[in-house]
Amino acid sequence: LKMPRPTLDGIKQASVGAFEKAKLMVNRAEDDEVSEQPSERSALEEAADLICPELTFQQRVIGFASCFALGCKCEFLVIFSTD
């Protein structure tokens, strides 16, 4: 099956959706700054919670380590492969 080529309108719609999502994230961050409690969390932690709010720190570290190890394995397989 051939995948249809992306159209300019499709790309525009996707970018508008991403832009709207980014605006919501910025507004949420501004609302957090207005709150009376100072936040001890970094922007990276807040972004990670927006993407995967149910993951614990340990699960995130395990996911990173496994992806990193798999990437290294793929890199070494490419380096040592012969044509």
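Asks: Can you help me understand the overall build of the protein in this one?
Replies: Scanning the protein for helices and strands turns up three helices and zero strands. Starting at the N terminus and walking to the C terminus, you meet the elements of the protein as α-α-α. Looking at the protein residue by residue over its 83 residues, the buried ones come to 0%. A total of about 8100 Å² of accessible surface is found on the protein, and carbon and sulfur atoms cover 65% of it.

Asks: Would you mind going over the confidence of the model for the protein with me for this structure?
Replies: Atomic detail in the predicted coordinates should be set aside for any region of low pLDDT. Summing up the model confidence of the protein, the mean pLDDT is 76 and the portion of residues at 70 or higher is 69%. Within the protein, no element has a lower average pLDDT than helix H1 (residues 8-34), which sits at 68, and none a higher one than helix H3 (residues 57-79), at 93.

Asks: Would you take a moment to explain the packing of aromatic side chains for this structure?
Replies: The geometry of two aromatic rings is summed up by the distance between their centres and the angle between their planes. Tallied over the full model, the rule gives two aromatic pairs. A centroid spacing of 6.0 Å and a plane angle of 25° characterise the contact between phenylalanine 64 and phenylalanine 68, whose relative ring orientation is stacked. With phenylalanine 64 and phenylalanine 68 both in helix H3 and four residues apart, the pair spans about one turn of that helix. Of the two residues examined, phenylalanine 64 and phenylalanine 68, each falls in the exposed class. Geometrically, the ring pair formed by phenylalanine 76 and phenylalanine 80 is stacked, given 6.4 Å between the ring centres and 10° between the ring planes.

Cut-offs applied
Residues numbered from 1 in each chain as written. Predicted model: local features only at pLDDT ≥ 70, side-chain atom pairs only at ≥ 80, totals over all residues. Heavy atoms only, no water. Helix = DSSP H or I, 4+ residues; strand = E, 2+ residues; numbered from the N terminus. Buried < 20%, exposed > 50% of the residue type's maximum accessible area, 1.4 Å probe, protein only. Areas by Shrake-Rupley, 256 points an atom, 1.4 Å probe, with all protein chains shown as cover. pLDDT = per-residue confidence, 0-100. Phe/Tyr/Trp six-rings, centres within 6.5 Å; stacked < 30°, edge-to-face > 60°.

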